[in-house]
Amino acid sequence: MKLATVAFYGFSLGLLAVGLRELLSGFEENRCSMTYMFEYPEYRRVSLPRRVARLYPAYGLYLYGEGVYAQETQALKLTGAPVLFLPGNAGSYKQARSLGSVALRKAENMEGGVHLNVFTVDFNEELVALYGGSLLRQTHFLHESIKAILRLYKHLKTPPQSVVLVGHSMGGVVARALYTLPRFNSNLVSLIITQASPHLAPVLALDPYLLDFYSAVRQKWVNQAKRLRNVTVLSVGGGYRDYQVRSGLISLPCPPGDPNKFSLVATAVPRTWVSTDHLSIVWCKELVLATVRAFFDLIDPDTRQFTDNPETKMAVLNHHFIRHPVRELGETEDTSISILDLPEAWSEVNTLRLAYSTPKEGLEKYFVFALSSRRKAYSHFYCRSNNMEMSSWVYGCVNKNGSSCVRAVDLSMGTELLPPYKVLILSLSDLSSVTHLVVSASNVNGRQFTVECEWQRQESQTVSVPVPHVLSFGLTVSDVTVNTSGLLHTIKLQHFHQVYQAFRINVASQCKAQKADRLPNVYRMNVPWFGEDSLTTASVPSVTEISGMLHTSRTDNTSDVLLQLHTAPNCQYKVSVRASLPRVLGQILRFCVPMVPVYTAVTLLLACGGQLSSILQSGRAADMSQVVGKGLQPHKVNLPVCILHILLSCSWFQEIWSTLRLPLMDALPPTTADATFHEGVLPVEEWPHLLSPLLYIFGAAVAFWGSTLLRLIIRLFSLVLAPLHRPSVSRDCGTLPVRTQLLITLCLTVIGGTMCGAFSLFAAFLLHLYRVLRLQMTVRSLSYMLNLAPRKHTEVENGTVSAESLSKSKECNGAPLLSECALQEVKDDLELHLCLSALFTLPVMLMAPSLIHWMRNLRYSAQLDPDPCWPHFVPLIIVYMLLINCNTLKLCNSKLLPMTSCLLLPLAVAMVTFSPLHLYRITYFLLVALVPLASCCLL
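Residues numbered from 1 in each chain as written. Predicted model: local features only at pLDDT ≥ 70, side-chain atom pairs only at ≥ 80, totals over all residues. Heavy atoms only, no water.

A. Highlighting the packing of aromatic side chains. For the structure on display, the rule yields 28 aromatic pairs. Ring centres of Trp-870 and Phe-873 lie 5.6 Å apart, and the angle between their planes is 45 degrees; this geometry places the pair in the tilted category. Chaining the aromatic ring pairs together yields one cluster made of Phe-8, Tyr-9, Phe-704 and Trp-705. Against the face of Trp-221 rests Arg-176, its NZ or CZ located 4.9 Å from the ring centre. The ring of Tyr-378 carries the charged tip of Arg-457 above its face, separated from the ring centre by 5.1 Å. (Phe/Tyr/Trp six-rings, centres within 6.5 Å; stacked < 30°, edge-to-face > 60°. Lys NZ or Arg CZ within 6 Å of the ring centre and 35° of its normal.)

Right, here's the structure in full:
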């Protein structure tokens, strides 16, 4: 049975490791280009008012500079447009150097002295994603920094009235939190760009301050959406390489229909098309260039400051982040294509497809396509060119007279930029007033490129393929072969709409003839309900694998994921879709990671209950690995939770639930892009409850192997510390006298109240760990002494030790210290305290972020304010200290033991019900379980 348990948990740990490997490194390599500084970066500190400096001694405001610019701005006489960078969780203010350096290089080519002044805030690299007590303090300091920045421009005739904010990670959340401040003027910030910021919900809610902060920000932006409509917010996610903040969390929780708030993933940003990890999104050159270009296009040439016009801001951001038409922003329509002097430059195309490569010498060339004969047979016109010049290239002739257009309209604004070329798809139904299409293939400068165009019937070039079931484990394959000679094919992936689905999509291309000048293939995964498109470029012929995964679930049944194949003519393409178990596990962990520590705590809690039941029934403690192995009880834990979930869908049960004033059942953050909000409450997701048995197995595997690791560490440290202690054979080794207990408890309470509660709790945990180490050393000493078995008979014959005292008996009271029974007693106490140590580790780990924050800020303040451990650290310390002296004999004689052993299962059910989104509640449930257990040592 033990071997089967080890094998089961070994297999479970293997599945967990496969999922973690896929989550952490299963996507693409980092394809971001590094940004380099051309000169040594300098950060000039901006002086703040004394009141602000005194209130926030750990924070600072800096101006970024390099070389000559740094010397010119030494006196802080600034004339540029202000941009303020906000670092995120444990982020440095020096991360602004990528944005600042690229902005300086861009300004060198600008006319009229237009440039940016990039400021950055030093938040002391605080762990605000795990400790929320500093978020409000950072928000207030940000407000003061903005006012200090604007004061630097008072000498200008037209000083800036607002500051553009760029927030990374939690810095983006702090930027949106500005509007919750009662005295904040919303006109001070009109544009916010956030990078990998978890706007929807925190990644891990380890203290209540974090959730309270999120709730206040969400309610402000939802309830006052009309007042904040002129504030433009762009949220960019990193994609699958960012395993710290999944891109579904970057969705802005705002009412639908607000045109000034939009979210997208970096893989969908034109001229970027790469996935970034959580840190590289700051320095990724492709994304930094898009941001800096947008900033310079947002500057009004008259005032040389950022425009306040919401329509202009959205047009610029749409141009650089959503759809790049390969034209200069604001360029007027070019309709001067009348070339009566060069009639030989016109060529009318009567075939269904055009493939043209320009010659080496410069030549003006225009291709004309008549619409009259194609309207009934075809629905769209497709054209692409690898000429990336910022110019118009497709026109519509309203009236054609001979060899020229009397009047033409520019259709190039519908162009979309893809990695190797630009593409334009025109719907013929939208061109009712156009008689001809004109495609420019002129290479006056002598640059060679290729133009390919064709008439398309969209229905015949669209194929629907149902994806395999997620539980097919890759054994079932859905495939389709595209044999037509078109340039664009669309494959609808039916039933692909949930985030836990993951597929390996292989596209194999074969061509009849090899051509050197053939344009490469582009495979685009288009998700209609969220800006998470991804593009893959492949040569011809080739076999390419595409990751079929989603950042958000579908909100309705009206759209499917589309796989667009921009293909080469006269080639065959075979597309096969296969479910991938490793990627499914990775997606489950990506979205359900908060459930794993909850189930780990449940397993350890039920293991402690199993240990108490063993002591109650036999008077002996069971082996820790045995009771932890039996902590996996989904039929006792998940079944009541599922029943509660079903009952809560009934109105009568909801009324009873509300009457009892019970909190809402916890749910993970939604996976839909446009989730609706009601009074700031996130909707409940159904599918995590269906996967709860698997998550329970993962949590139990972590508990089983974590407790095994704890036992090994205890044995190792006991060997190291053994020479420092005298050998002991008593079960009371490591215990504390009552007066010492009271004194230590009082001291730790005072330290926790005046300094940091997590520090006091950690000290109490170490004292209990010392008790476990002493018990381990005692077991080793007794085992060594009793290993001299042949001496027993000699001692009995000599009358040194009676034979009755050496015999084993069920009742060990009064047995000699050197006996098998005494050894068994110490082993029982050791197994009990090993279970307790594993349980005690959980509150310490959950409170570790506040302890780290306190230690890093000791030079500024000796007291942690606010302290998430207050006031429950006091009963926890008392419980830890009381249980140091606990042993199996005291528990056997306690009248509270039966009730305590029965209490742990309901607490485990309550923990799963109320803790996935509020991980800090795990400590509360453990406290409720440990208080009766500590009372058993007294009563």
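B. Structural context of the packing of helix α12 (residues 595–618) against helix α26 (residues 897–914). Closest axis-to-axis distance for the α12/α26 pair is 9 Å, and the angle between their directions is 165 degrees. In this view, α12 runs roughly antiparallel relative to α26, as classed from their interaxial angle. In this structure, α12 meets α26 at a crossing whose hand is left-handed. Within the contact between the two elements, α12 uses Val-598, Tyr-599, Ala-601, Val-602, Leu-605, Leu-606, Cys-608, Gly-609, Leu-612, Ser-613, Ile-615 and Leu-616 and α26 uses Leu-897, Pro-898, Thr-900, Ser-901, Leu-904, Leu-905, Leu-907, Ala-908, Met-911 and Val-912. Considering only residue class, the contact of α12 with α26 consists of 18 nonpolar, four polar and no charged. (Axes fitted to C-alpha atoms, helices over the stretch in contact; angles between N-to-C directions. Helix = DSSP H or I, 4+ residues; strand = E, 2+ residues; numbered from the N terminus. Parallel < 35°, antiparallel > 145°, perpendicular 65-115°, else oblique. Left-handed = near helix turned anticlockwise from the far one by under 90°. Contact = heavy atoms within 4.5 Å. Nonpolar A, V, L, I, M, F, W, Y, C, P; charged D, E, K, R; others polar.)

C. Broad picture of the environment of Ser-379. Here Ser-379 lies in the loop between β13 (366–370) and β14 (380–385). Sequence separation of Ser-379 and Leu-426 is 47 residues, and the distance between their C-alpha atoms is 8.7 Å. In contact with Ser-379, not counting residues within four places along its chain, are Leu-426, Ser-427, Leu-428, Gln-456, Arg-457, Gln-458 and Glu-459.

D. Structural context of the side chain of Asp-277. Looking at the secondary structure, you find Asp-277 in the loop between β8 (261–265) and α8 (280–283). Side-chain polar atoms of Asp-277 contact the backbone nitrogen of Ser-280, separated by 2.6 Å. Non-local contacts of Asp-277, meaning those with residues more than four positions away in its chain, are made with Asn-30, Arg-241 and Asp-242. (Polar contact = N/O pair within 3.5 Å; in protein donor to acceptor, adjacent residues only side chain to side chain.)

E. Just the state of the cysteines, in detail. Going through the model one piece at a time under the given rule, you end up with three disulfides. The partner cysteine of Cys-32 in its disulfide is Cys-284, sulfur to sulfur 2.2 Å. With the S-S bond torsion at -90 degrees, the cross-link from Cys-32 to Cys-284 turns out left-handed. One end of the pair, Cys-32, is in the loop between α1 (2–25) and β1 (41–45); the other, Cys-284, is in the loop between α8 and α9 (285–297), with 252 residues separating them in the sequence. The residues Cys-32 and Cys-284 share a single accessibility class, namely buried. Note that Cys-383 is cross-linked by a disulfide to Cys-453, the S-S spacing being 1.8 Å. One end of the pair, Cys-383, is in strand β14; the other, Cys-453, is in strand β20 (residues 450–456), and 70 residues separate them in sequence. (Disulfide = S-S within 2.5 Å. Buried < 20%, exposed > 50% of the residue type's maximum accessible area, 1.4 Å probe, protein only.)

F. Here's a closer look at the sheet that holds strand β6 (residues 191–195). If you trace the eight strands from one edge of the open sheet to the other, you get β1-β2-β4-β3-β5-β6-β7-β8, paired in mixed fashion. Among the strands making up the open sheet, the edge pair consists of β1 and β8. Geometrically, the sheet is characterised by an average inter-axis angle of 25 degrees between neighbouring strands, direction not taken into account. The pairing of strand β3 (residues 81–86) with strand β4 (residues 116–122) spans five bridges and is classified as parallel. Following the sheet pairing, Val-83 is matched in β4 by Val-118. (Pairing = 2+ DSSP bridges.)

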